Amino acid sequence: MLNKFASTMLVAIMLMASLFTGKAFASSEQEGSNNYIEGQLVVSIEAQPGAYSIQSIDDTLTKLPTLANKGFSVADSLFGDKISAFAAQPLDSNFKAMAIQKMGMVYLVEYNVADYASLDAAKEALGKVLSDGGFQVRYISENRKMSALETATVLDVSAQAVNPNQTWNYNMIKVPQAWEITTGSTAVKIGVLDSGIDSNHPSLSNFVNTSLGRSFVGGTTMDGFGHGTHVAGTIASYGSVSGVMQSASLIPIRVLGNNGLGSLYGIQQGIVYAVSIKCDVINMSLGGGGYDQGMDDAVQTAVSAGVTVVAATGNDGVASISYPAAYNNTIAVGSVTSSRTRSSLSNYGSGLDIVAPGSNIYSTVPNGQYQLMSGTSMATPHVTGVVGLMKAVNPSLTPAQVESILKSTAQPAGSAYEYGSGIVDAYAAVQAANGGGNPQPDKQTQTTVQTDKSVYQRGDNINITSKVVNQQGSALQGASVNFTLTRPNGTTITNAAATNSSGVATWSITSNAQTALGSYQVKAESTLSGYQSSSATSSLQFSDGGGVDTQAPSVPSNLTSTGKTNTSVSLSWGASTDNVGVTGYEVYQGNSLVTTVTMTSSTVTGLTPNTAYTFTVKAKDAAGNISAASNAVSVTTNNDATPPNPNTPWALGVAYNMGDLVSYGGSTYQCLQAHTSLTGWEPTNVPALWLKK
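Everything in this summary refers to the structure shown in the same document. Every chain is numbered independently, its residues counted from 1 as its sequence is written. The predicted origin of the model limits local features to residues at a pLDDT of at least 70 and limits the giving and counting of side-chain atom pairs to 80 or more, whereas totals for whole chains, interfaces and linings rest on all residues. Note: side-chain values were computed over all heavy atoms of the structure, leaving out hydrogens and water.

**Focus on unusual backbone geometry**
Part 1 of the argument: Here the bond from Y323 into P324 is cis, since omega is 10°, no more than 30 degrees from zero.
Part 2 of the argument: Positive phi outside glycine occurs at R340, with the angle close to 70°.
Part 3 of the argument: Tracing the sequence through the fold places R340 in the loop between β15 (331–336) and β16 (354–357).
Part 4 of the argument: A positive phi is found at N367, a non-glycine position, where the angle reads about 70°.
Part 5 of the argument: Secondary structure is summarised from DSSP: a helix means a run of H or I of at least four residues, a strand means a run of E of at least two, and numbering begins at the N terminus for each. By the secondary structure assignment, N367 is in the loop between β17 (361–365) and β18 (369–374).

So this is what it looks like as structure tokens:
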């Protein structure tokens, strides 16, 4: 994506809006004009290889008499040793040389604000001092602030492998299918540049590597603000929730304090540190503000070193991608809702790479709790988690290959301006990373069309509905549907419509006294970029009223429940009769239609364990006449907390649920996360999945 030299707004952590309060992270305009830390400047000096050692440059700079005379002092050196925040973590010499070549020698310089009339005056004075001292200045910039405002409502839940609040977002991006290939690996290191991570959280503690963690705002890497812990839980977690990865090493790189404040220099330190410890992926759910050369240099250094950088596009709801997502080679992530539409707060436009679920995302927060949050901050870790799964199956992937696979396998969602390449597809991306090529996600559309009745009289409205889905049956939004109604004499009328978030397009036609009687044909042809077209036909009749079928079928008899599980109920009933013929049966849960079948039995799925439901059935004929409701039957689903027989031996290819007990190697183990067992997942090998009793 192209660099966009936007106005230098406050660089603020993003990017979330509470589901319950509607508040979002503060932008620079909300903080006032001082969107930088007064008395601090970030300086980059061109290093001449072979001319001086790093230490000699540090010494020469710090001892420069005119520097102190003008009221300046060197507070920190990004690559030096004596005055560097990295003194306790020496950088690999090869990496340091590469980083300096790209970033220059970077320093944090402090000065007395009272000595200068303005920020520009201080920059000008420092530039002259350095030039007169023989240094070639690459840039001098203010050390911009980062700020955040976050409120949300905390919800506690009982332990489950994939919490029900997470089902929609993981199903949307096909994470369960990706888990059939890999659930991740502790060898994959994810650098979370944020407010830290609560390493004591019961859903995170096994994954957080505090020994590699680092704080650049003082103190420890513990999260006193909440944002970083929520982001981390979406990337990788276990127990009461599940991350996109079910095995990973989360590295807390704290660049924001407990008050949500940080600086651009601190982020540069965090990026360089993440690369120095060989992180595979960097997640930056932060941003805002304009272009900064130092940040750009840091991002390009990371990518050159083989680290994939994933960042959030911003929460202003405008057609402009925020930085750092807008830098070249950064994967810029926008947010979509559960209906696969762009979240209203999500930034979009040129430079948007991909989108992921970001509205009402359920994840971890400090003190062992869980929370719903919204924003592109929440969408970004979904993509980071998918990249982590890709690196688990193919550690040699370069950042460019990762980005190419993500884009080529994304699920089409609408225009590139609002959705980039589309919604991330974890299964297709991991499959491609694993050597399966770059498959297109769902190349074939499936179209259906129907009318509200099969027989009409003159003056009636004809209501035509077409639904477009992919090969997995998921609704496709934004598909173009071309309707054609062919009259009895062969002439036609047409109309075009686009599918909504449910994959449905409609057309309503009003007939009149001159409408021709006889048989009509309805055709719906759907097209969507990235998919093969498909079509469907239906028919209807116009009658003058003579012989029109108005008789409803008889009521279905003896509705009974023939079986149940913790999430489904099976029903059967006696067949109805009709003067013309029964074409189907409608199954109702309470007053809601849940399915239509042609047989005299049905299984209703997606129910909640240990919950009472009431069902009825109605019959329907070809003319659209519907019978009265059958007798009602009430059924309570099974309680899924009942553990199975602990003497059942563990086996391959079994779909285990949380709480299941198995025997293995003479011991009993309890399942901690729902999964289908594979080779290598024996209870003794994967403590994240099994607990020895």
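From this point, things continue past the structure.
**What to know about the packing of aromatic side chains**
Part 1 of the argument: For Phe, Tyr and Trp, where Trp contributes only its six-membered ring, two rings pair if their centres lie within 6.5 Å, and the inter-plane angle classes them as stacked under 30 degrees, edge-to-face over 60, or tilted in between. Under the counting rule described, the total for this entry stands at 17 aromatic pairs.
Part 2 of the argument: Note on F207 and Y238: the rings are 5.0 Å apart at their centroids and 70° apart in plane angle, and the pair reads as edge-to-face. Of this pair, F207 sits in the loop between β8 (184–194) and β9 (214–215) while Y238 sits in the loop between α8 (227–235) and β10 (247–254), and the two are 31 residues apart along the sequence. A single burial state applies to F207 and to Y238, both of which are buried.
Part 3 of the argument: Through successive ring pairs, a cluster of aromatic residues spans F72, Y111 and Y116.
Part 4 of the argument: Whether a charge lies above a ring is judged from NZ of Lys or CZ of Arg, which has to be within 6 Å of the ring centre and within 35 degrees of the ring normal. Sitting above the plane of the Y588 ring, K618 keeps its charged end 4.7 Å from the centroid. Three exposure classes are used, based on accessible area relative to the maximum for each residue type with a 1.4 Å probe and protein chains only: buried under 20%, partly exposed in between, and exposed over 50%.

**Concerning the sheet that holds strand β23 (residues 492–498)**
Part 1 of the argument: At least two bridges found by DSSP between two strands is the condition for calling them paired. The five strands lie next to each other as β20-β26-β25-β22-β23, forming an open sheet whose pairing is mixed. Both edges of this open sheet fall to β20 (455–457) and β23, since each of them pairs with a single strand only. Here the average twist between neighbouring strands, direction ignored, is 25°.
Part 2 of the argument: As judged from the three bridges shared by β20 and strand β26 (residues 534–543), these two strands associate in the parallel manner. Directly across from Y456, in β26, lies its bridge partner F542. Each axis is a line fitted through C-alpha atoms, taken for helices only over the stretch in contact, and angles between the N-to-C directions span 0 to 180 degrees.

**Brief notes about the sheet that holds strand β30 (residues 592–597)**
Part 1 of the argument: Taken together, four strands build an open sheet; the order of strands is β30-β29-β32-β33 and the sheet is antiparallel. Strands with a single pairing partner mark the edges of an open sheet, and in this sheet they are β30 and β33 (633–636). In this sheet, adjacent strand axes meet at a mean angle of 30° when their direction is disregarded.

**Notes on helix α12 (residues 399–409)**
Think of an α-helix as 3.6 residues a turn; residues three or four steps apart then line up on the same face.
Part 1 of the argument: For α12, the full list of buried residues reads P399, V402, E403, I405, L406 and T409. Along the axis of α12, the buried positions cluster into a sector of 165°, meaning they face one direction only.
Part 2 of the argument: Residues count as neighbours in contact if any of their non-hydrogen atoms are within 4.5 Å of one another. Tucked inside the fold, the buried residues of α12 contact α10 (293–304), β14 (308–312), β15, β16, α11 (376–393) and α14 (426–436). In this description, the arc belongs to the directions extending from the helix axis to the C-beta atoms.

**Quick word on the pairing of β18**
Part 1 of the argument: Counting buried residues along β18, five of its six residues qualify, which places the element largely inside the surrounding structure.
Part 2 of the argument: Pairing analysis gives five bridges linking β17 to β18, with the strands arranged antiparallel. By the bridge assignment for β18, V365 is matched with Q369.
Part 3 of the argument: Two successive antiparallel strands, β17 and β18, enclose a turn made up of three residues, where N367 displays a positive phi of approximately 70°.

**Regarding the pattern of salt bridges**
Part 1 of the argument: The term salt bridge refers to a side-chain nitrogen of Lys or Arg lying within 4 Å of a carboxyl oxygen of Asp or Glu. A full pass over the atoms with the stated rule returns twelve salt bridges.
Part 2 of the argument: Measuring nitrogen to oxygen at the nearest pair gives 3.7 Å for the salt bridge that ties E142 to R144. Each of the two residues, E142 as well as R144, counts as buried.
Part 3 of the argument: Between E403 and K407 there is a salt bridge, with its nearest N and O atoms 2.9 Å apart. Residue E403 and its partner K407 are both found in helix α12; the two are separated by four residues, about one turn of the helix.
Part 4 of the argument: A relative accessible area of 31% means that K407 is categorised as partly exposed.

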